Amino acid sequence: MRNYIIRRILTIIPMFFIISFISFVLINLSPSDPVEIILRANGVPVVTEELIEETKIELGLDQPFLVRYVNWLNDVIHLDFGKSYVTQQPVFKMISPAFGYTMQLALANTVVTIMLSIFLGIICAQFEGRMIDRGTRSFLFIISAMPAFWIGTLAIWFFSVKLNLLPTSGVGSWTNFVLPTMVMSIGYCGFYFRMIRNSMLENMNENYVVYARSCGVKEKVVVKHIFRNSIQTAVAAFCMAIPGMMAGTVVIENVFAWPGLGRLCVSSIFNRDLPIIQAYVLILALSYCLFNIFGDIVTAVLNPKLRKA
Amino acid sequence: MMNVWSKIKKDRIAVSCLAIILMIIIVGIFANFFAPNDPLEINATLKFDGPSWEYPLGNDQLGRCMLSRLIFGIRTSVLFVLVAMFATISIGTILGIIAGYFKGKVDEVIMRVCDIVLSFPSEVMTLAIVGMFGTGLKNILLACILMKWAWFARVFRSAVMKYTDKNYVMFSKASGCKTGHILRKHILPAIFPEIAVMASNNISSQILMVSGLSFLGLGVQAPTPEWGMMLSEAKDAMLIHPYQMLPSGIAIMVMAVSFSFLGDSIRDAMDVKHEGYALKKNRFKRKRLAA
């Protein structure tokens, strides 16, 4: 078990190099010249060839590709992602509060999604084929096919404008969480709840359930057993849900003016602020990887059969 | 194949979804013929007008005909996504077949590249590519293709592997058939059900993603009509004209729901996963009985 965990954690190192290399290459593939963007953003009136050359040397852009990559990697390890082209502030200073906000939203979403999908999954598996099961399934199926930004704007209009119950956007109190969390988790729920429901249904016909029933074990206890066995597939998926949601909050953050990573990234795309986009890609890809490994370890702890693989 | 088609024909939901999709695609292709007005014509006097005979769905913030914009939006929101999907599937199928059929070093290389591509969350990479190369529908579709092919290649590879050792493939190999012939006549038809299921399940999420990015302003640029962007324009006028949000939102929803339902029906009709599972289970049982 320990070996498995260590082996799994060690895979982070090559992954880190691949991820960092790709995010570095992407910046260098960009057709727009960073020097020109910086000079324009700083309001330099006339951009001459000499000025471009000078700034290039100042930023170290005249060095060969690999040297720049190693230098950049060294900075990144020391949490220095460079300076924003537009505001001239360190990228780390801009990204870290946004990361916190996105994390808050992603965690709130994950908690609500897990609770909602477990609850609905159990209910629907218990009443398989009845009205409540079919109704919930078709409702969530249609909801998950609706664009989140549309549900979001409709929810803002209904709850905030028409009923004046909740704030339309921004952060501050717990009421700000209600709408974005509701809109996002209901979309994700459709996927996870079906997964739990199906694995519960599969487990229901297993021998141990028949045996427990025939022994006269109470229905509540039987459901508990089934649940414990069916949650395993869902746990790994839930671990993957956190980074997926961090990446998936982009649209919701923009709808609800949530000052998170996604909003920062989209505004940086409009400003062509490459260092921020680079840091965004690096951070999210890395956390995606970490949670992926975390999910694998949790699954291995829960299911001893997988450890040998 | 015929069997699947007759099964789908009996499924009323699937048939109506297929009809809706075909209808929307035809309307989109012949948009010039179906649209009542010019989608780009600005009419300042008709700003936010309600439905009328001339403008059946009313007018938007610039007085443009909503229905015409919706109809022309099919091209950007649906048809281009379908084209991108087709490209993704082609790349995925070709690489999947190469990896699964020839195995060895080629397989190793393709699969490692797939691993790297799949280790990046696709939403993030799409944003990254759009960020690097600039906004626009072309870059979004390019990002979709770049991020999705690996997923397809991997699924199709394992599908191909199931068939490479089948007797009829071995027989055609032994009787001297050319590799191209075997791939075309034996492997491709065998994995076709899997291709169809993967494609129909992916289209709706792809449509949602592209319209979402256009909603953020990263995709189609004004004034070209696109459903996601129409919604984002309508959102700005939410307080006074909430009705504006309905047409484009409903259009996206109808499209996504139809594709999802159709995908589910195709999967049920082909029963790709379940059949394999059931067969294995029976074989196991038989063995146990024999022992």
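All values reported here derive from a predicted model rather than from experimental measurement.

**Q** What is the right way to look at the overall build of chain B in this model?
**A** In terms of regular secondary structure, chain B is built from 12 helices and 0 strands. Reading chain B from its N end, one meets helices and strands in the order α-α-α-α-α-α-α-α-α-α-α-α. Counting only C-alpha atoms and orienting by the principal axes, one finds that chain B spans roughly 80 × 45 × 35 Å. Put simply, chain B has 291 residues, and 42% of those count as buried. Pairs at least 24 apart in sequence give 67% of the contacts found in chain B among residues at least 6 apart.

**Q** What is the right way to read the domain arrangement of chain A from this model?
**A** Note on interface size: it is often stated as the accessible area lost on association of the parts. Residues and elements named next belong to chain A. What the domain assignment lists for chain A is domain 1 (2-91) and domain 2 (94-260 + 283-308). Centre-to-centre, using C-alpha coordinates, domain 1 lies 36 Å away from domain 2. Contact with domain 1, which involves 13 residues of that partner, is made by 10 residues of domain 2. Within the residue set of the side of domain 1 that touches domain 2, elements represented by two or more residues are α1 (2-10) and α2 (12-29). Here the side of domain 1 that touches domain 2 is built from residues that sort into 9 nonpolar, 3 polar and 1 charged.

**Q** Could you clarify how one ought to interpret the interface of chain A and chain B in this entry?
**A** Taken together, the contact between chain A and chain B spans 35 residues of the former and 32 residues of the latter. When residues of the side of chain A that touches chain B are traced back to their parent elements, those giving at least two are α2, α7 (131-144), α8 (148-162), α11 (219-255), α12 (261-271) and α13 (274-302) of chain A. With 7 residues, α11 of chain A is the single largest residue contributor to the side of chain A that touches chain B. Class assignment of the residues belonging to the side of chain A that touches chain B gives a composition of 29 nonpolar, 6 polar and no charged.

**Q** Got a minute to help me understand the packing of helix α6 (residues 122-133) of chain B against helix α7 (residues 137-164) of chain B in this structure?
**A** For any two helices packed against each other, one specifies the crossing angle of their axes together with the interaxial distance. Residues and elements named next belong to chain B. Two numbers describe how α6 lies on α7: the axes approach to 9 Å, and their chain directions differ by 140°. By the criterion of interaxial angle, the relationship of α6 to α7 is oblique. Viewed along their axes, α6 and α7 form a crossing whose handedness is right-handed. When α6 is examined against α7, the residues Ser122, Met125, Thr126, Ile129, Val130 and Phe133 are found in contact with a partner set consisting of Asn139, Ile140, Leu142, Ala143, Cys144, Leu146, Met147 and Lys148.

**Q** For this particular structure, what's the right way to read the environment of Ile98 of chain B?
**A** Residues and elements named next belong to chain B. Among the secondary structure elements, Ile98 is positioned in helix α4 (residues 66-102). Once the C-alpha coordinates of Ile98 and Met125 are considered, the two residues, 27 residues apart in sequence, prove to be 26 Å apart. Residue contacts for Ile98: discarding those within four places in its chain leaves Val106 and Ile110.

Cut-off values and rules
- Counting restarts for each chain, with residues numbered from 1 along the sequence as it is written.
- Chain labels run from A onward and ligand labels from 1 onward, assigned in the order the entries are written.
- Selection of residues for local features in this predicted model requires a pLDDT of at least 70, selection of side-chain atom pairs for listing and counting requires 80 or more, and totals for whole chains, interfaces and linings are taken over all residues.
- Elements are defined by DSSP. Helices are runs of H or I of four residues or more, strands are runs of E of two residues or more, and each kind is numbered from the N terminus.
- Field definition: a residue is buried when 20 or more other C-beta atoms are found within 10 Å of its C-beta, exposed when 12 or fewer are, and partly exposed for counts in between, with C-beta atoms placed from the backbone.
- Each residue gets a C-beta atom placed from its backbone, and two residues are in contact if those atoms lie within 7 Å.
- Annotation comment: domain bounds sourced from an automatic or database domain assignment.
- When residues are grouped by polarity, Ala, Val, Leu, Ile, Met, Phe, Trp, Tyr, Cys and Pro land in nonpolar, Asp, Glu, Lys and Arg in charged, and all others, Gly among them, in polar.
- Fitted lines through C-alpha atoms serve as axes, helices being fitted only where they are in contact, and the angles separating the N-to-C directions of these axes extend from 0 to 180 degrees.
- An angle counts as roughly parallel when it lies under 35 degrees, as roughly antiparallel when it exceeds 145, as roughly perpendicular when it falls between 65 and 115, and as oblique in every other case.
- Note on convention: near helix rotated counterclockwise from far helix by under a right angle means a left-handed crossing. Clockwise means right-handed.

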